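Coordinates in review
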Protein chains: 2
Amino acid sequence: MKQHRSVVSLSDQFRALVSSAVWNASAAALVIAASGACGSAAGADEGMWLLNQAPAAALTQRHAFEPSPEWLTHVQRSAVRYGGGGSASLVSADGLVLTNHHVALDGIEKLSTGERNLVRDGFVAKTREEELAIPGAECSILWQIEDVTDRVRGAAKSGLDPAAAEAARRAEISAIEAEARERLGLPRCEVVTLYGGARFHLYASKRFTDVRLVWAPEDQIGSFGGDHDNFEYPRFAIDASLVRLYENGQPYKPEHFLKWNTQGSKEGDLVFVVGHPGRTSRLFTPSHVAFLRDVELPGRLAGTYRSEVRDLIFAGRSEENERLIQGELSGVQNGRKFMMHLLGNLQDPVLMERKRADAASLEAGASEATRAALHAANAQVDASLKEFREIYPAWSAMNPRSDLFAIALGIDRMTAELAKPSGERLREYRDAVLPSARLRLLSPAPLDAGVESHLIELQLSLLAERLGGDDPTVRRMLAGKPPRDRAREVVAGTRLMTVAAREALLDGGPAAVAASDDPAIVLARHLNAAWRPLRDRFDARVEAPQRAAYAAIADARFDVLGEWVYPDATGTLRLSFGTIRGYQNPGEPAAPAFTTLGGLFARSEEKGGRPPFDLPPRWLERRDKIDPTTPLNLVCDADIIGGNSGSPLVDREGRLVGLIFDGNLEFMATDVVYPGGNGRALAVDSRAITHVLRTIYDAPHLADELEAGGK
Amino acid sequence: MKQHRSVVSLSDQFRALVSSAVWNASAAALVIAASGACGSAAGADEGMWLLNQAPAAALTQRHAFEPSPEWLTHVQRSAVRYGGGGSASLVSADGLVLTNHHVALDGIEKLSTGERNLVRDGFVAKTREEELAIPGAECSILWQIEDVTDRVRGAAKSGLDPAAAEAARRAEISAIEAEARERLGLPRCEVVTLYGGARFHLYASKRFTDVRLVWAPEDQIGSFGGDHDNFEYPRFAIDASLVRLYENGQPYKPEHFLKWNTQGSKEGDLVFVVGHPGRTSRLFTPSHVAFLRDVELPGRLAGTYRSEVRDLIFAGRSEENERLIQGELSGVQNGRKFMMHLLGNLQDPVLMERKRADAASLEAGASEATRAALHAANAQVDASLKEFREIYPAWSAMNPRSDLFAIALGIDRMTAELAKPSGERLREYRDAVLPSARLRLLSPAPLDAGVESHLIELQLSLLAERLGGDDPTVRRMLAGKPPRDRAREVVAGTRLMTVAAREALLDGGPAAVAASDDPAIVLARHLNAAWRPLRDRFDARVEAPQRAAYAAIADARFDVLGEWVYPDATGTLRLSFGTIRGYQNPGEPAAPAFTTLGGLFARSEEKGGRPPFDLPPRWLERRDKIDPTTPLNLVCDADIIGGNSGSPLVDREGRLVGLIFDGNLEFMATDVVYPGGNGRALAVDSRAITHVLRTIYDAPHLADELEAGGK
């Protein structure tokens, strides 16, 4: 359940769309969920809750636990957002941050070279001085939340059409964000859209760009079992890494961090997940779910299959290629496996019946006026989907996988947007998020010509497939050459491999970009010229109407079901909860609540030690130092989705007992329903991490630092 | 350049379409080809010629070679069609047949079990008694050819619409075939369509169904370098196997077979390829090539990427799965690599300009009446493509990959068709081809439940993606379950795994099939109900108009360019010719005309002996018995395409000097143009085959039998 680059970047385009949904966790809905296709689950703990709207009643009633305001503040400020789409947490008084190896992988790759392969061999900083600054890294901590719904919704006077109303709200959001930066003195103040546009909250965050790698296991241990075991359980992986936040060149001394529970957890324990679930679409209308099933997911999966095969071919050419593409490829495979199983679940006729029954039951409980509002909103969603379906093939081919091309596109877009006031810009370039956008464009992370050429070739040929070989944009981009030759020419000729050249263009503004003959910029200009009208059409005729429609549906749900509902995931910080418990699928061996380090060795032996079940040499040599009974991975039924990767698993006392890294196959419908039944979130046990730091990695200093907090 | 199962079965649907094209090899066209994107090639020898219309003038002028009628009869009757889409040749007085390992692979797989893995370990029959009958195998030899154009074209009275004219021609064809069977006493008499419907020839063939495996190398040697080296050169593979034809339980004693040239060949030699090129589309109209580039190839590639990833996942689950899916998967990978490079070449703007210039130059040379006919034909093609585009997504999802499901679909279709007279049936069930169709349905080759379930799941989910999850056919086929569960249920419940159950249904006829509750038959009935209207629409509104249009274009070309042109490949026997010669790509090492057995070991060492560059144990043990200077693979510039795999490479004296098995990457535009330039066909040198039979495989008796013919 990695939130990898390609999904993240794709979901940037879809974010507005997918955040335009709302879900309720009322008692009625829970009954529907629990009686659905995934089997009955009396103890199901559903919901990705807002930190400022924690499910106190459910926790008290079901688990006799009352989260205090201090407890909530503590876990909120210990949680870290890692990069654009990952989760993490502060775990020491000196700013150590724990996340998944697969979340940190992009940075680990950037620090690797042909000579020093940190992905394959892992890394331990023996001293603070040895910690390695990760190029282009960014972490943030959500510091405070304010409800600004009245101001934002009030900005759109009644009578405006959806696009004009959306523009008015966007201008107001920009103003609120600018004021908040001034007032709160926090670098990142962002108004987030919740309940599909029915609520707006201001999220103010601390921000860190000096992030250093402290410990990474070998990739082989981080992703033991590879694509084969991904989303499976029982599982045996130490999908964990440590980085440290620095401020002004010194380790950050946080006010809040999670203490390490050295006793760990046990089956039956109540646990919490605090992280950044990327997106759910749980209250899409039935026709919107059908669109996901029949158009969007098949389209995205086709792109993913294509990327996977082409990346495998690229990797097969040399060991160096394999190293360079590994992170990208494992992200693609992860996304493919997730979407494949999600689609398989959506193609279950029973699931669609369940969605329709749920919509019908809401209508049945609604007043006449509310029912009319629901009908109008459903029709508005349908119209937006018709529009989206038309632009989808071209639109979805325009998202760059090449970092180089993404930088060129970004330079062209950002310089154009910065000429306008913040409230009128594309929202990814408004002032609130500008520093992060600039950081991405100026990342000093090295780019490999072979990889970039491979990815640009793939994009050129995809555009030719989708738009047709005679399309004017395609012809301009190809400039008379086949995709492979043109990609090589662009990469060989560009100066954007260096940060200085990018900076010069950004500083030179639109005139400098327009005058540039850099082939990557030329390529970007041609694509942006075709992309911008689609984006405007998407914003005005897909996103805005959907936002209005889902806000209306959310209002209707508040009317019928009351205020006690949670919003769909949107990448913002959430609190989930659940119980640690094993399960049993019919005809299969029981899946225990915990696996062990001994089980890791057994699994490798059972598979003959062949990849992806081989163990690194260090692990084979030191096997006898390991206590085989040490818990390794565990399962709980908390509600998570992609983006939760790296989330801390926290106990009643707010101490860390685990690290979320995956969900099992039964969990794969989580995009549109809480799976219940045997669906489980997977975590690395905190005890395994400190045990291997001491026994395998000669890093007792790190184990001590982690455990010191708990004493 | 394997002609694998999935492409073959897909191309069944497309055969009418793709055979509806015509290409000319006039001097003018040669100039265009030689001056095109693929670089200049003064010595280019273009064309896949009919055996009864050999390019005598070109051979005499360019190579001072005049093929005598006896020479042509000899190579024609020595050539063998292997299965549905492969080539082979008779190479001994006792009926030994040489073909590619990858062509024989399907049969080798069927003879393999978990205990006796002939794919991995290879096979040598030490005696005739040890030769293994291949279940469901079929070979045929084209015995004689008659031109029946006047009778077929005359059957369609003028004034009929294209569909009615097509029906009249089809009835006439069926009558001609029936009469010929009677008159000639040959089991397979088939009227083939040439020049897109401008010419019709009767092909009468001998047919063999007792085909026994004699020798197969380890798959690792047959496909050394795997997907990585496929379509690459220099190359080091012994992609060869031997089978023997039996008649009445005795080895077949052929009147004609190719003698083995023990001296082999050398650079500069004129060589001939006699085989069954599957299809070319060289004279598609420019808009038809654009359709191939923008619709058909991207669609087929998407399906191939999907199959490849899903088969890799299936293979990854166990060694047994890997063994079971290997042939299917390597076929998929082969098709993907071919289509990927073909598409890349078609996306070259220069190629499309070349096609348009070629069409313009034909027009420029035409009379006013001919020009009007060309315009009308172009418009008719365009209209047919619009129609095809509409049915394409559903249509292309209905082709089965599962053998089990193909059998169920075939039983349902065949019983329905047999109720009609031969001339009114779907053409794949007319009397001329009925024995082969029945043989496929009653093949005793074992079916694996896991493989069939995997492939049926993939097809169910593909149908749901293409038609939508709420489509009535999809709902009926899924029967309330997600694709995976439904596929398992069908495979677990069907009785069609046994031949007896299939025979009972075939004998019971339409009533028995309609009454059957066998879940595979139920599934097939639902799909056929949706498939049949599409097929009828395809036949009437895509195929028939295209056939009429391309016949008109062919007539126009005969008018302008004269009669000396070759028709597009259609799977029928053809003669190509060319010269053995190496080449040099800019910035790369020279590619020599020949590689050697010593080079094979060097390549393996250079790649660290890692898969797919590992060598079987027997090869490593016996390395010192090998003469490293023995020629292994060679390249020539004869004109070939998929389906030519297994074709003999023949010298001026009609002796065998090699075995075609692949083309290089520069050859990959061969579908729509003769590549020229550095495009090359690849062959296994005859000397390598006898050398390894003696040194590695302890099979001097086979080497002797091969070489005996040459003495």
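So, a few notes on the structure that sits alongside this text. Fair warning: this is a prediction, and the values are worked out from it, not measured in the lab.

Judged by nonpolar contacts, the single largest core of 195 residues is most densely connected at Ile-411 and Leu-649 of chain A together with Ile-411 and Leu-649 of chain B. Look past the residues within four positions of Leu-649 of chain B in its chain and what remains in contact with it is Val-271, Phe-272, Val-273, Leu-634, Cys-636, Arg-655, Leu-656, Val-657, Gly-658, Leu-659, Ile-660 and Ala-683 of chain B.

All names here are of chain A. The N-to-C vectors of helix H24 (residues 686–695) and helix H25 (residues 700–708) enclose an angle of 150°; their axes lie 7 Å apart at closest approach. Accordingly, the angle class assigned to the pair H24 and H25 is roughly antiparallel. The residues of H25 that touch H24, namely those facing Thr-690, Leu-693 and Arg-694, are Pro-700, Leu-702, Ala-703, Asp-704, Leu-706 and Glu-707. Considering only residue class, the contact of H24 with H25 consists of five nonpolar, one polar and three charged.

Our next topic: the side chain of Arg-336 of chain B. Inspection of the secondary structure assignment puts Arg-336 of chain B in helix H12 (residues 319–346). Those residues in contact with Arg-336 of chain B, other than ones at most four positions away along the chain, are Val-309 and Ile-313 of chain A together with Asp-227, Leu-301, Thr-304, Tyr-305 and Glu-308 of chain B.

Before going further, it helps to spend a moment on the sheet that holds strand E19 (residues 681–685) of chain A. Residue and element names in this part refer to chain A. Strands sit in the order E1-E14-E13-E17-E18-E19-E16-E15 across an open sheet of eight strands; the sheet is antiparallel. If you trace the sheet from one side to the other, it starts and ends with strand E1 (49–50) and strand E15 (594–596), each paired once. Helix-sheet contacts for H24 involve E15, strand E16 (631–636), strand E18 (656–663) and E19, and the interaxial angle to E19 is about 35°.

All names here are of chain B. Looking at the secondary structure, you find Asn-633 in strand E17 (residues 631–636). Judged by relative accessible area, Asn-633 falls into the buried class, the value being 0%. At 3.3 Å, the side chain of Asn-633 forms a polar contact with the backbone nitrogen of Phe-236. Beyond its immediate chain neighbours, meaning those up to four positions away, Asn-633 contacts Tyr-233, Arg-235, Phe-236, Ala-237, Ala-593, Phe-594, Thr-595, Phe-661, Ala-683, Val-684 and Asp-685.

The next subject is the interface of chain A and chain B. It is common to give the size of an interface as the accessible area that goes away when the parts come together. Counting from both sides, the interface comprises 43 residues of chain A and, opposite them, 43 residues of chain B. Overall, the association of chain A and chain B removes approximately 3200 Å² of surface from exposure, summing both partners, and the carbon and sulfur fraction of that is 55%. It is Tyr-305, Gln-347 and Glu-465 of chain A that lose the most area in chain A upon contact with chain B, and together they represent 19% of the buried surface on that side. Between chain A and chain B we count eight salt bridges in total. Here Asp-470 of chain B and Arg-356 of chain A are joined by a salt bridge, their closest N and O atoms 3.1 Å apart.

This paragraph deals with the packing of helix H15 (residues 403–418) of chain B against helix H16 (residues 434–441) of chain B. Residues and elements named next belong to chain B. Relative to each other, H15 and H16 sit at 145°, their axes nearing to 9 Å. H16 is crossed by H15, and the crossing has left-handed handedness. Listed contacts from H16 to Ala-406, Ile-407, Gly-410, Ile-411, Met-414 and Leu-418 of H15 are Leu-434, Ala-437, Arg-438, Arg-440 and Leu-441. Its residues placed into classes, the contact of H15 with H16 shows eight nonpolar, one polar and two charged.

What follows is about unusual backbone geometry. The omega torsion across Pro-611 of chain A and Pro-612 of chain A is 0°, close enough to zero to call that bond cis. With respect to the helices and strands, the residue Pro-612 of chain A is situated in the loop between helix H22 (597–606) and helix H23 (617–621). In this model, Tyr-233 of chain B is joined to Pro-234 of chain B through a cis peptide bond whose omega is 0°. The backbone of Ala-64 of chain A sits at a positive phi, close to 50°, despite the residue not being glycine. As for its placement among the helices and strands, Ala-64 of chain A is situated in the loop between helix H3 (56–63) and helix H4 (69–78).

There are two copies of the chain, and a rotation about an axis plus a shift along that axis relates them. The two copies are related by a screw operation: chain A maps onto chain B through 180° of rotation and 0.0 Å of translation along the axis, at an RMSD of 0.0 Å. The symmetry that links the two subunits is that of a two-fold axis. When each C-alpha of chain A is compared by its distance to the rotation axis, Tyr-305 of chain A comes out closest, at 2.8 Å. Both copies contact each other with a shared surface, as 100% of the interface residues of chain A are interface residues in chain B too.

Cut-offs and rules
- Residues numbered from 1 in each chain as written.
- Chains lettered and ligands numbered in written order.
- Predicted model: local features only at pLDDT ≥ 70, side-chain atom pairs only at ≥ 80, totals over all residues.
- Heavy atoms only, no water.
- Core = buried A, V, L, I, M, F, W, Y, C linked by side-chain atoms within 4.5 Å.
- Buried < 20%, exposed > 50% of the residue type's maximum accessible area, 1.4 Å probe, protein only.
- Contact = heavy atoms within 4.5 Å.
- Axes fitted to C-alpha atoms, helices over the stretch in contact; angles between N-to-C directions.
- Helix = DSSP H or I, 4+ residues; strand = E, 2+ residues; numbered from the N terminus.
- Parallel < 35°, antiparallel > 145°, perpendicular 65-115°, else oblique.
- Nonpolar A, V, L, I, M, F, W, Y, C, P; charged D, E, K, R; others polar.
- Pairing = 2+ DSSP bridges.
- Polar contact = N/O pair within 3.5 Å; in protein donor to acceptor, adjacent residues only side chain to side chain.
- Buried area = accessible area lost by both parts, 1.4 Å probe.
- Salt bridge = Lys/Arg side-chain N within 4 Å of Asp/Glu carboxyl O.
- Left-handed = near helix turned anticlockwise from the far one by under 90°.
- Least-squares fit on C-alpha atoms with pLDDT ≥ 70 in both.

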